[in-house]
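Architecture and fold: a report
What follows is the residue order along each chain.
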Amino acid sequence: MQSSPPLLCFLVFALWLLVANGSEPTPKVGIYELKTGDFSVKFTTWGARIVSLVVPDKNGKLEDIVLGYDSAMDYLNDTTYFGATVGRVANRIGGAQFTLNGTHYKLEANDGKNTLHGGSKGYGRVVWKVRKYHNEGPSPYITFGYHSYDGEGGFPGDLHASVTYTLSGLNLAVEMKANDIDKATPVNLAHHSYWNLGGHNSGDILSNEIQIFGSHITPVNDNLIPTGKITSVKGTPYDFLQPASIASKINKLGKIKNLPNGYDINYALDGGSSEKLKTAAIVYDKKSGRVMEVLTNQPGLQFYTGNYLDNVKGKGGFLYQPHAGLCLETQGFPDAVNHPSFPSQIVTPGNTYVHGMLFKFSTKG
């Protein structure tokens, strides 16, 4: 008897998991939800991703404000990193290589000649295990874990990574950790949700007002690799020290060769790295009244305006176009392993990398 399409998809997916995970037990791929009142967030173990985040607008209307797909299966061929935990080293590494403690490491080049988000099997494209799941009380949480082996993607050392999502009121706390087991290694984890405060299917984010608490950027070359300089934003279209609409400045950007117009740049946040969280950015959507404040302990923030989205079929069949969402990825500086003047991302055996962030939602107007 011929298999129906859903059964065939399941069998292909099951076979893929066996191949991808080798002889290790196959972790469960599924959807998990955390909820407090009208605030709810759903996750999948594929990439420890956020797949939906629902909050009320100024009139109490509930909307899902992250771009994504209808099912966990749809994320398997995703190239946008919708909602993913990315690493071992987020963002780009120039020339897909670096030298550490006298040893030269060659990585997988999956973005031209460069490495992007850890390579084709970065942390956003593997199955994470659910370590803890508590969906009761005022602060429900879920913890995902992933064991990254020595040599994975070309990176040295065994690493135990985890990400914990916790809801409280209208706040979402995210804590990423990585325990280095045996060799010094670069670590830079990031969260890659595409936000649209008007709703995932409400059009572009150009009318959004944004404030970024970064007085400097790390400028890039034609391949989006940092030049090593750190320059002031004052007098440039990158200056969002005071709240301004994205539309008011985006067309003033000098177009990078062969790349679409839009923001895709790392801000050196005022205050640098610290144990305490500091405000990195605030986004306001006037029509819905939704406000999102992003706090972090990291030195950098990648501001990306979804420039490469092009007829991406998302939730409910909605087609996401360029600028349908914005990313605010708190992080270490891109390509830091090749720029000694940038804050170090090297974690040594016995030490723990900790990346904290907080997304605070509210309304006004």
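Cut-off values and rules
- Residues numbered from 1 in each chain as written.
- Predicted model: local features only at pLDDT ≥ 70, side-chain atom pairs only at ≥ 80, totals over all residues.
- Heavy atoms only, no water.
- UniProt positions renumbered as here; feature names shortened; annotations may be inferred.
- Buried < 20%, exposed > 50% of the residue type's maximum accessible area, 1.4 Å probe, protein only.
- Helix = DSSP H or I, 4+ residues; strand = E, 2+ residues; numbered from the N terminus.
- Contact = heavy atoms within 4.5 Å.
- Pairing = 2+ DSSP bridges.
- Polar contact = N/O pair within 3.5 Å; in protein donor to acceptor, adjacent residues only side chain to side chain.

The name an unreviewed UniProt entry assigns to the protein is Aldose 1-epimerase, from the organism Rhododendron simsii. Per UniProt, the comment on the protein under Pathway (unreviewed entry) is "Carbohydrate metabolism; hexose metabolism." Quoted verbatim from the Sequence similarities (unreviewed entry) heading of the UniProt record, the comment on the protein is "Belongs to the aldose epimerase family."

The next thing to look at is the pairing of strand β26 (residues 327-331). The buried fraction of β26 amounts to 5 of the 5 residues, a majority that puts the element mostly inside the structure. Of the two faces of β26, the one carrying C327, E329 and Q331 and the one carrying L328 and T330 are both buried.

A word on the UniProt feature "binding site: beta-D-galactose" (unreviewed entry) in the protein. Mapped onto the present numbering, the UniProt feature "binding site: beta-D-galactose" (unreviewed entry) falls on N91, R92, H192, S193, Y194 and D264. Along the polypeptide, S193 turns up in the loop between β15 (190-192) and β16 (209-212). The class of S193 is buried, set by a relative accessible area of 2%. Not counting residues within four places of it along the chain, the set of residues in contact with Y194 comprises I65, V66, L67, T80, Y81, F82, Y304, G306, L309, G325, L326 and C327.

What follows deals with the sheet that holds strand β11 (residues 141-148). The 9 strands lie next to each other as β10-β11-β12-β13-β28-β22-β21-β16-β19, forming an open sheet whose pairing is antiparallel. Strand pairing shows two members of the sheet lacking a second neighbour, β10 (129-134) and β19 (244-245), which therefore form its edges. Two strands pair when backbone bridges link them, and β10 and β11 are joined in this way by 5 bridges, in the antiparallel orientation. Opposite H134, over in β11, you have Y141 as the bridge partner.

We now examine the side chain of N297. Counting through the fold element by element, N297 comes out in the loop between β22 (290-296) and β23 (300-304). At 3.1 Å, the side chain of N297 and the side chain of Q298 are in polar contact. The contacts of N297, once residues within four sequence positions are left out, are G272, S273, S274, E275, K276, L277, K278, V354, H355 and G356.

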